[in-house]
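Residue-level structure breakdown
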Amino acid sequence: MKRYFILLAVIAFVAVYALGDVMSEHWALQCPLYHLTGWQCPLCGIQRGLHAALNGRFAEAWHYNPGLWLMSPYWLLWMAGGISGRAAAWLPVRWCSQDKVLLTATGILLLWGVFRNL
């Protein structure tokens, strides 16, 4: 049941971002770090980038946060391992779930947050 709820939530999320106009909507989440300091966090631009990618504007999506798009295959495999019991047996998913790999990926994401503000 939990898996179906997660799948339904993902489909609804994608539909909202594909059909809605994130740039002008007031309900879109705002980054607190950016508003307080003017620095971009590692995830800044994810909403606008996802909206652009879902509408076929891939160059614009890359512009919003290239580090995120480079790391997204890893994070998708990691999430697949947490959602599906069968996918967890697949070698790349098991590799992504190892503690050392997860800590390394998180460290790379944090370094990207520092690098993009230099």
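These numbers were taken from a predicted model, which means no experiment stands behind them.

**Topic: the packing of aromatic side chains**
As enumerated under the stated definition, the model contains one aromatic pair in all. Taking the centre distance of 6.0 Å and the plane angle of 40 degrees together, the rings of Trp112 and Phe115 count as tilted. Placement of the pair is Trp112 and Phe115 together in helix H7 (residues 99–115), with a separation of three residues, close to one helical turn.

**A word on the nonpolar core**
With seven residues, the main nonpolar core is built from Met71, Tyr74, Trp75, Cys96, Val101, Ala105 and Leu109. Mapped onto this core, the elements with two or more residues apiece are helix H5 (66–83) and H7. Residues contacting Val101, with those up to four places away along its chain left out, are Tyr74, Trp95 and Cys96.

**What about the confidence of the model for the protein?**
Per-residue confidence for the protein gives a mean pLDDT of 79; residues scoring 70 or more make up 79%. Of all the helices and strands in the protein, helix H6 (residues 91–96) carries the lowest mean pLDDT, 70, while helix H4 (residues 58–64) carries the highest, 91.

**Re the pattern of salt bridges**
Where charged atoms from two side chains of opposite charge come close, those side chains can pair. Under the defined criterion, the tally for this structure stands at one salt bridge. Linking Glu60 and Arg57 is a salt bridge whose minimum nitrogen-to-oxygen distance equals 2.7 Å. Looking at Glu60, the relative accessible area reads 30%, which means it is partly exposed. Here Arg57 falls in the partly exposed class, since its relative accessible area comes to 34%.

**Regarding the environment of Asn55**
Mapped onto the elements of the fold, Asn55 is located in the loop between helix H3 (46–54) and H4. Each C-alpha atom of the pair Asn55 and Leu19 lies 8.4 Å from the other, and the pair is 36 residues apart in sequence. Separated by 2.8 Å, the side chain of Asn55 and the backbone oxygen of His51 make a polar contact.

**So, H7**
Because an α-helix packs 3.6 residues into every turn, residues spaced three or four apart end up facing the same way. The terminal C-alpha atoms of H7 lie 24 Å apart, and with 17 residues this matches the ideal 24 Å at 1.5 Å per residue to within 8%. Taken together, the buried positions of H7 are Val101, Ala105, Leu109, Trp112 and Gly113. Summarising the axial view, the buried residues of H7 lie within an arc of 125 degrees, below the 170-degree limit, and thus occupy one face. Of the residues in H7, the exposed ones pointing more than 90 degrees away from the buried face are Asp99, Lys100, Leu103, Leu110, Leu111, Val114 and Phe115.

**Re the state of the cysteines**
Summed over the entire model, instances satisfying the criterion amount to zero disulfides. Considering cysteine sulfurs only, Cys44 is the nearest to Cys41, which forms no disulfide, with 3.7 Å between them. Of all cysteine sulfurs in the structure, the one in Cys31 sits closest to Cys44, which takes part in no disulfide; the separation is 3.4 Å.

**Overview of a nonpolar patch on the surface**
Taken together, the side chains of Val10, Phe13, Val14 and Leu54 make up a nonpolar region of the molecular surface, amounting to roughly 300 Å² of accessible area. At three residues, the largest contribution of residues to the nonpolar patch is made by helix H1 (residues 2–19). Among the secondary structure elements, Phe13 is positioned in helix H1. Given a relative accessible area of 43%, Phe13 falls into the partly exposed group.

Cut-offs applied
Residues numbered from 1 in each chain as written. Predicted model: local features only at pLDDT ≥ 70, side-chain atom pairs only at ≥ 80, totals over all residues. Heavy atoms only, no water. Phe/Tyr/Trp six-rings, centres within 6.5 Å; stacked < 30°, edge-to-face > 60°. Helix = DSSP H or I, 4+ residues; strand = E, 2+ residues; numbered from the N terminus. Core = buried A, V, L, I, M, F, W, Y, C linked by side-chain atoms within 4.5 Å. Buried < 20%, exposed > 50% of the residue type's maximum accessible area, 1.4 Å probe, protein only. Contact = heavy atoms within 4.5 Å. pLDDT = per-residue confidence, 0-100. Salt bridge = Lys/Arg side-chain N within 4 Å of Asp/Glu carboxyl O. Polar contact = N/O pair within 3.5 Å; in protein donor to acceptor, adjacent residues only side chain to side chain. Expected span 1.5 Å × (residues − 1). Arc of directions from axis to C-beta. Disulfide = S-S within 2.5 Å. Patch = residues over 30% accessible without salt bridge, like charges linked within 9 Å, V, L, I, M, F, W, Y side chains within 5 Å. Areas by Shrake-Rupley, 256 points an atom, 1.4 Å probe, with all protein chains shown as cover.

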